Amino acid sequence: MKVLAISGYKAHELGIFDQKHQGIAYIKKAIEQKLRTFIDEGLQWVIISGQLGVELWAAEIVLSLKEEFPQLKLSVLTPFLKQEERWKEETQQHYNSIINQADFVDSITKRPYDSPAQLRLKNEFIIEKSDGLLLLVDEEKPGSPMYYLEPAKIKAEQQNYIIHYITPTDLDLLIQDEQMNHTDY
C-alpha cells in the first residue's frame, strides 16, 4: 500500500469542541501507531480532504513523522474551493498552516460549494486514488465516516483495496495501556 486515505469523524461528532481535549491525544497516538506500521510496509502518500477533526489530526501526525520519514508525503484534496471560508478564524489559521506544509493540495471540483454532490465526488475520488483507507469509525454510530466507508467497501469487493479501522475499542485499549504505563506505584 503506497497511498493511504485517512478519515473519520469531525470533531463535533466526537463531542470535541476544543483543541485541548484530551481525547485528541489518544486519537493521534492511534493514527501514529497505524502509520508507523504502514510506513514500514512502504507507505509513501497520505491523502485527506482537509475535513476538521480526524483528518486534520492525521495531517498533524503525517507532518511530524516527515522529520523521521522524509519519503512520507501529505496530499490534501478538498471537495471544493475555499472549504474553510466559513470556519472560525482560529480554525482557518490551523487549516492553512497544514495546507501550507502539505506536499500536494488541490480541489476536486474547481468551484466553491454549490451541491452535496461535491462531497460524494470527493469521497469517491479519494477512494479511487488510494490503495487503502484508515477510518476512525464506530459502525454502530452513523456519521461522516460512513460516506467514505460505502465507496471503500465497493472498491474492496472489486479490487485489492484494504480498509483499516480505528474503533472505539481500539481507543479504549490504547487509553488503558497509556494509563497503565503512566501509573506511579
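Given the structure is predicted, the values throughout are model-derived calculations rather than measurements.

Calculation criteria
- Residues numbered from 1 in each chain as written.
- Predicted model: local features only at pLDDT ≥ 70, side-chain atom pairs only at ≥ 80, totals over all residues.
- Heavy atoms only, no water.
- Helix = DSSP H or I, 4+ residues; strand = E, 2+ residues; numbered from the N terminus.
- Expected span 1.5 Å × (residues − 1).
- Buried < 20%, exposed > 50% of the residue type's maximum accessible area, 1.4 Å probe, protein only.
- Contact = heavy atoms within 4.5 Å.
- Phe/Tyr/Trp six-rings, centres within 6.5 Å; stacked < 30°, edge-to-face > 60°.
- Pairing = 2+ DSSP bridges.
- Right-handed = clockwise from strand over helix to strand, strands pointing away.

Enquirer: Could you give an account of helix H4 (residues 117–129), with specific residues and numbers?
Expert: Across its 13 residues, H4 extends 18 Å between first and last C-alpha, which sits within 8% of the 18 Å expected from 1.5 Å per residue. For H4, every residue scored as buried is listed here: Gln118, Lys122, Asn123, Ile126 and Ile127. Considering only its buried residues, H4 is in contact with strand E1 (3–8), strand E2 (45–48), strand E3 (73–78), strand E5 (132–136) and helix H5 (145–158).

Enquirer: Can you break down the packing of aromatic side chains residue by residue, with the values?
Expert: Enumeration according to the criterion identifies 2 aromatic pairs in this entry. Between Phe80 and Tyr113, the ring centres sit 5.2 Å apart and the planes meet at 65°, which makes this aromatic pair edge-to-face. Of this pair, Phe80 sits in the loop between E3 and helix H3 (89–101) while Tyr113 sits in the loop between strand E4 (104–107) and H4, placing them 33 residues apart in sequence. For Phe80, a relative accessible area of 10% translates into the label buried. Taking the relative accessible area as the measure of exposure, Tyr113 reaches 43% and is therefore partly exposed. Judged by centre distance (5.0 Å) and plane angle (85°), the ring pair of Trp87 and Tyr95 falls under edge-to-face. Here Tyr95 falls in the buried class, since its relative accessible area comes to 4%.

Enquirer: How would you explain the pairing of E2 if you had to name every residue and give the values?
Expert: Every regular strand shows the same layout, with side chains that alternate between the two sheet faces. Here 3 bridges tie E1 to E2, and the two strands are oriented parallel to one another. Its bridge partner being in E2, Val3 is matched across the sheet by Trp45. As a crossover connection, the stretch from E1 through helix H1 (residues 22–40) into E2 is right-handed. Relative to E3, E2 is paired through 4 bridges, and the arrangement is parallel. Within E3, the residue paired with Ile47 across the bridge is Ser75. Of the crossover connections in this fold, the one passing from E2 over helix H2 (residues 54–65) to the parallel E3 is right-handed.

On their own, these measurements won't tell you what the molecule is for.
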